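Structural features, examined
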Amino acid sequence: MKKEEKQHAVLEWIESGCNYDQGVVLYEQFGKNSFMRKDFPNKQHKHATKIIYELCKSVGLNYNQIIQEKLIPSAQNKQQEEHNPITSDQLPNHSLQTPTNKELPEIMEVQEIAEYPVQLRRIIAEYAELFQERSKMHRILTEMPEGNSQALKTKRAEIFDLIKSLSARLEFLYAIRQHFDVNAEIPSEDEIWPAPKEDVKTELPDDPEQLRKMKKNQQSANTKDQNMLDYQNEKKGDAEKPMPAGPKRMKLENRIKARLKFIQKIDLKLVQSDVV
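Notes on the structure in this doc start here. (Residues numbered from 1 in each chain as written. Predicted model: local features only at pLDDT ≥ 70, side-chain atom pairs only at ≥ 80, totals over all residues. Heavy atoms only, no water.)

1. Topic: the overall build of the protein chain
A tally of helices and strands in the protein chain yields 12 helices and 0 strands. The helix and strand sequence of the protein chain, counted from the amino end, reads α-α-α-α-α-α-α-α-α-α-α-α. Summed over its atoms, the accessible surface of the protein chain is roughly 15,600 Å², and 47% of this surface lies on carbon and sulfur atoms. (Helix = DSSP H or I, 4+ residues; strand = E, 2+ residues; numbered from the N terminus. Areas by Shrake-Rupley, 256 points an atom, 1.4 Å probe, with all protein chains shown as cover.)

2. Some remarks on the side chain of Gln7
Assignment of secondary structure puts Gln7 in helix H1 (residues 3–15). A relative accessible area of 18% places Gln7 in the buried class. A distance of 3.0 Å separates a polar atom in the side chain of Gln7 from the backbone oxygen of Val59. (Buried < 20%, exposed > 50% of the residue type's maximum accessible area, 1.4 Å probe, protein only. Polar contact = N/O pair within 3.5 Å; in protein donor to acceptor, adjacent residues only side chain to side chain.)

3. Section: unusual backbone geometry
Phi at Asn42 is positive, roughly 65 degrees, even though this residue is not glycine. Along the polypeptide, Asn42 turns up in the loop between helix H3 (34–39) and helix H4 (44–47). Phi is positive for Gln232, which is not a glycine, with a value near 60 degrees. Its place among the elements puts Gln232 in the loop between helix H11 (208–231) and helix H12 (247–272). Looking at Gln232, the relative accessible area reads 34%, which means it is partly exposed.

4. Points about helix H5 (residues 50–59)
A large share of H5 lies buried, amounting to 9 of its 10 residues. For H5, the set of buried residues is Lys50, Ile51, Ile52, Tyr53, Glu54, Leu55, Cys56, Ser58 and Val59. Directly beyond the C-terminal end of H5, a positive phi value near 80 degrees is found at Gly60.

5. Topic: the packing of H1 against H5
Remark: H1 packs on H5, axes separated minimally by 9 Å, with the N-to-C direction vectors making an angle of 160 degrees. The orientation of H1 with respect to H5, classified from their angle, is roughly antiparallel. Taken as a pair, H1 and H5 cross one another with a handedness that is left-handed. Contacts from Lys3, Lys6, Gln7, Val10, Trp13 and Ile14 in H1 reach Ile51, Ile52, Leu55, Cys56 and Val59 in H5. The residue inventory of the contact of H1 with H5, partitioned by class, reads 8 nonpolar, 1 polar and 2 charged. (Axes fitted to C-alpha atoms, helices over the stretch in contact; angles between N-to-C directions. Parallel < 35°, antiparallel > 145°, perpendicular 65-115°, else oblique. Left-handed = near helix turned anticlockwise from the far one by under 90°. Contact = heavy atoms within 4.5 Å. Nonpolar A, V, L, I, M, F, W, Y, C, P; charged D, E, K, R; others polar.)

6. What about the packing of aromatic side chains?
The geometry of an aromatic ring pair comes down to the distance between the two centres and the angle between the two planes. As enumerated under the stated definition, the model contains 3 aromatic pairs in all. Pairing Tyr27 with Phe40 gives two aromatic rings, centres 5.0 Å apart and planes at 90 degrees, and the pair type is edge-to-face. With Tyr27 in helix H2 (residues 20–30) and Phe40 in the loop between H3 and H4, this residue pair connects regions lying 13 residues apart in the sequence. What makes Phe40 buried here is its relative accessible area of 1%. Clustering of aromatic rings is evident, with ring pairs tying together Tyr127, Phe131 and Tyr174. Positioned above the aromatic ring of Phe131, the side-chain terminus of Arg134 is 5.2 Å from the ring centre. (Phe/Tyr/Trp six-rings, centres within 6.5 Å; stacked < 30°, edge-to-face > 60°. Lys NZ or Arg CZ within 6 Å of the ring centre and 35° of its normal.)

7. Describing the packing of H2 against H5
Packing of H2 against H5 leaves a shortest axis separation of 10 Å and a crossing angle of 30 degrees. Here H2 lies roughly parallel to H5, going by the angle between them. Considering how the two elements wind past one another, H2 and H5 form a crossing that is left-handed. Together, Tyr20, Gly23, Val24, Leu26, Tyr27 and Phe30 of H2 and Ile51, Glu54, Leu55, Ser58 and Val59 of H5 make up the contact between the two elements.

8. Considerations on the pattern of salt bridges
This model, assessed by the stated rule, comprises 11 salt bridges. Two residues, Arg255 and Asp225, come together in a salt bridge whose shortest N-O distance is 2.8 Å. Placement of Arg255 in helix H12 and of Asp225 in helix H11 is noted, with a sequence separation of 30 residues between them. Relative accessible area serves as the criterion here: at 21%, Arg255 is assigned to the partly exposed category. Connected through shared salt-bridge partners, Lys155, Glu158, Glu209 and Arg212 make up one network. (Salt bridge = Lys/Arg side-chain N within 4 Å of Asp/Glu carboxyl O.)

Here is the structure:
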């Protein structure tokens, strides 16, 4: 079978709703990893999102592009491109990954936890809590009904956003732990847990449309702050003019991180809302 025919088959499978058993059959035909061919059957609870990524990789499709174009409504895709400016540069030793691009341990190994700094003990506890939350979101994703309706696509998008956000935070915390193990250094609490600003509301409404509007507003504000960091202007310029290190830059970076944490809360509320 030609490469284009394989890609067409995988795209049809994605557009039809990503039936897991059908995906297993496709991977048996196109998959290049013999271990995964044996591991995928009867493990939907574990590999529901991973099989999408591996199938795309096997036939030469861009996973991130497919997720945006096929599983997320085009309107939300546009919003994501315009208002999600954070890249790996904003988090030390950390890169934003798709939910299945990087495997992380379920818990951070500890020995004498009482001897660890308070910040590290807090990181270990938060990591365990977030890992459980991400596993729960994966399970919700696998239990969603099949189909490609607008409501299902919107709900998948919200779950994917939350999984991505949780994965980003997990990798950030894990990177801090690794850095501590090697250098016996740990960032300040303000860097790890930036205090929310007054303009970031903490109470969330129950209405999904209000939540999406709040999320868009937070993303728009982050776009402006990110442009200030990159161009020293709220709008993108022709050439980058990075803001030099200093209190003003740190203030903007912490404001962005605080909004990202608030957006994560909104995503969680959206996932929990009854809109499907």
